[in-house]
Amino acid sequence: MSGPLEGIRILDLTQVQAGPSCTQLLAWLGADVIKVEEPGVGDRTRHERATEPGLDSFYYLVFNSNKRSVTLNLKSGEGCDIFLRLVGMSDVVVENYGPGRMDKFGLGYDVLRGANPRIVYATIKGFGTYGPNADIKSFEHIAQAMGGAMSANGEAGGEPIFVAPGVGDSGTGLHCAIGMLAALRQRDNTGESQRVEVAMQDAVVNLMRIRMLDTLADGKPLVRQGNRIWGAPSMIFPCSPGGPDDYIGLVLSGDSWDTILAVAGRAELIGDERFATHEARCENAAEVEAIISGWTRTVTKREAMDALVPLGVACGMVQDTAEVLDDEHLRAREMVVEMEDAERGRYIALGNPIKIASNDVGIEPPPLLGEHSGEVLGSLLGLDDGDVARLRDGGVI
């Protein structure tokens, strides 16, 4: 199968989420991503949150499809020598180790550039490699906290709330993927090595731009408002039968307001000056919410959506995670796919959100630990079975 990035080889030294989410996107677009893991250990997410003994966890599976796995002991001189030989045949090295770890391996940027003057070196850190906080460790919730996301999320007067999507980790991965593609283009234009750096805090701040508008205007911190973040009234309304996710999101603006009133059986309120404009609806938010919820509570979220969509009202029911995986639209777009491998059998996986007409790459199962060591070292470096066996016996792979 071919894709837009066919011919690009990436040495992936990352683990957990920020780095693997980045390289998986590029693998889905056709890059040859070689995941370099510690022998006998591998990406720690293979074991974290595992549900069955001996099987890689879904934590690992959702971020590592379409890659090849090579085990390599970078603490050994021979392991580093092999890695540098691979660098000489690759386009990108990406890592998300703690600050200074690559230098401790003897694999800093200058060394990599010496092995391949055209290499793109990408590094993902919590707070970057410079600045007062460069040495601070970071995880998803730390990046959210320091980047402002948690401060903006939560009910009025309540505590800051963790944001469910991985804006710190996967958000950083997205930014790094864009940076790597730009660096590859610059490398091809100039013939020179390029360095890419993305910090988790930086990525969260970038994703928070829309929430920074008022603070940029008046210098005051954003006040948490829950589902009224754009001002009252609420963006979601409760539906029957009243379960934890029985809600529908509505846009109460322009012609949609009159349409919703008609569907809700309150056509007599069309043109009422108390609700006729956005400003008026904000001033009378409690009454607006009572009017709309008076109808939505009598129907299911699907019934509400089926009634409003044909009339051109922007709306969407709140889907729980199981409903998302069963969404026929997402399945039609191959965002939810079925996977099968020899170890786990058949299971549900998530697909590629980037649709490119020329991309023929399908979703392939994530690799087992070291599954491709012999294949990669043989095809790229010319090592034979005896060489590979010796390296394995010596703990190098």
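Quick notes on the rules
Residues numbered from 1 in each chain as written. Predicted model: local features only at pLDDT ≥ 70, side-chain atom pairs only at ≥ 80, totals over all residues. Heavy atoms only, no water. Pairing = 2+ DSSP bridges. Helix = DSSP H or I, 4+ residues; strand = E, 2+ residues; numbered from the N terminus. Axes fitted to C-alpha atoms, helices over the stretch in contact; angles between N-to-C directions. Contact = heavy atoms within 4.5 Å. Polar contact = N/O pair within 3.5 Å; in protein donor to acceptor, adjacent residues only side chain to side chain. Expected span 1.5 Å × (residues − 1). 1 Å grid on protein atoms, 1.4 Å probe; cavity = no way out; pocket = protein on both sides within 12 Å on 5 of 7 lines; lining within 4 Å. Points joined across faces, edges and corners; volume = space filled by probe spheres on them. Nonpolar A, V, L, I, M, F, W, Y, C, P; charged D, E, K, R; others polar. Parallel < 35°, antiparallel > 145°, perpendicular 65-115°, else oblique. Left-handed = near helix turned anticlockwise from the far one by under 90°. Buried < 20%, exposed > 50% of the residue type's maximum accessible area, 1.4 Å probe, protein only.

Colleague: Explanation requested: the sheet that holds strand β8 (residues 247-250) in the structure shown.
Modeller: Paired through their backbone hydrogen bonds, the strands of a sheet run either parallel or antiparallel. On the basis of which strands lie adjacent, the open sheet formed by three strands has the order β7-β8-β9 and antiparallel pairing. At either margin of the open sheet sits one strand with a lone partner, and together these are β7 (236-238) and β9 (315-317). Taken over all neighbouring pairs, the strand axes of this sheet differ in orientation by 25° on average, direction set aside. Against the sheet, helix α14 (residues 301-308) makes contact with β8 and β9, and its axis sits at roughly 160° relative to β9, the strand it touches most.

Colleague: Even after reading the chapter, I still don't get the environment of His-47, so can you show me in this structure?
Modeller: Mapped onto the secondary structure, His-47 falls in the loop between β2 (32-37) and α2 (58-61). There is a polar contact of 3.1 Å between the side chain of His-47 and the backbone oxygen of Val-41.

Colleague: Can you walk me through helix α13 (residues 285-296) in this structure?
Modeller: Every α-helix winds through 3.6 residues per turn, so residues three or four apart in the chain are directed the same way. Its 12 residues give α13 an end-to-end C-alpha distance of 16 Å, which sits within 8% of 16 Å, the value for a rise of 1.5 Å per residue. Buried residues belonging to α13 abut β7, β8, α11 (255-263), α12 (278-283) and α14.

Colleague: What is the right way to read the layout of surface pockets from this model?
Modeller: If a probe as big as a water molecule is rolled over the atoms, it shows which places are left empty. Taken as a whole, the largest pocket spans an internal volume of roughly 1200 Å³. In terms of lining residues, the largest pocket is bounded by 28 residues, among which Gln-17, Val-62, Phe-63, Ser-170 and Leu-350 are the most central. Sorting the residues of the lining of the largest pocket by element identifies α1 (18-28), α2, α8 (169-190), α15 (321-325) and β11 (345-350) as the ones contributing at least two each. Grouping the amino acids of the lining of the largest pocket by side-chain chemistry returns 17 nonpolar, eight polar and three charged. By volume, the second largest pocket amounts to about 590 Å³. Contributing to the lining of the second largest pocket are 22 residues, with Asn-96, Tyr-97, Gly-98, Ser-138 and Phe-139 lying nearest its centre. Across the lining of the second largest pocket, the residue classes break down as nine nonpolar, six polar and seven charged.

Colleague: Looking at this model, I keep getting lost on unusual backbone geometry. Mind explaining?
Modeller: Keep in mind that most residues, glycine aside, have a negative phi and that most peptide bonds are trans. Cis peptide bonds are those with omega within 30 degrees of zero, and the linkage from Ser-240 to Pro-241 qualifies with 5°. Relative to the helices and strands, Pro-241 is located in the loop between β7 and β8. Phi is positive for Asn-66, close to 65°, though the residue is something other than glycine. Along the chain, Asn-66 turns up in the loop between α2 and β3 (67-71). At Glu-334, a position not held by glycine, the phi torsion is positive, near 55°. With respect to the secondary-structure elements, Glu-334 resides in the loop between α16 (328-332) and β10 (336-341).

Colleague: Looking at this model, I keep getting lost on the packing of α1 against α8. Mind explaining?
Modeller: For any two helices packed against each other, one specifies the crossing angle of their axes together with the interaxial distance. It is at 7 Å that the axes of α1 and α8 come closest, and there the two elements cross at 45°. Of the possible angle classes, the one that applies to α1 and α8 is oblique. Handedness of the α1/α8 crossing: right-handed. Side by side, α1 and α8 meet where Ala-18, Ser-21, Cys-22, Leu-25 and Leu-26 of the first sit next to Asp-169, Ser-170, Thr-172, Gly-173, Leu-174, Cys-176, Ala-177, Met-180 and Leu-181 of the second.

Colleague: Mind showing me how you'd approach the side chain of Thr-23 here?
Modeller: Mapped onto the secondary structure, Thr-23 falls in helix α1. The class for Thr-23 is buried, based on a relative accessible area of 0%. At 2.8 Å, the side chain of Thr-23 forms a polar contact with the side chain of Lys-67. Excluding its chain neighbours within four sequence positions, the residues that come into contact with Thr-23 are Ile-10, Asp-12, Thr-14, Val-33, Lys-67 and Val-94.

Colleague: Please clarify how the packing of helix α6 (residues 140-147) against helix α9 (residues 200-207) should be interpreted in this entry.
Modeller: Relative to each other, α6 and α9 sit at 55°, their axes nearing to 8 Å. Taken together, the axis directions place α6 and α9 in an arrangement best described as oblique. As α6 packs across α9, the resulting crossing turns out to be right-handed. In contact with Glu-140, Ala-143, Gln-144, Met-146 and Gly-147 of α6, α9 contributes Met-200, Gln-201, Val-204 and Val-205. Here the residues of the contact of α6 with α9 sort into five nonpolar, three polar and one charged.

Colleague: Where do I start with the sheet that holds β3 in this structure?
Modeller: Strand order in the open sheet formed by six strands is β3-β2-β1-β4-β5-β6, with parallel pairing between adjacent strands. A strand with exactly one partner marks an edge of an open sheet, and here the two such strands are β3 and β6 (194-199). Sheet twist, expressed as the mean angle between neighbouring strand axes with direction ignored, is 20°. For strand β4 (residues 92-95) and strand β5 (residues 120-125), the ladder comprises four bridges, and the chain directions are parallel. When the sheet's bridge partners are listed, Val-94 is paired in β5 with Ala-122. Against the sheet, α9 contacts β5 and β6, and its axis sits at roughly 70° relative to β6. In this fold helix α17 (residues 373-381) packs onto β1 (9-12), β2 and β3, with an angle of close to 90° to the strand it touches most, β3.

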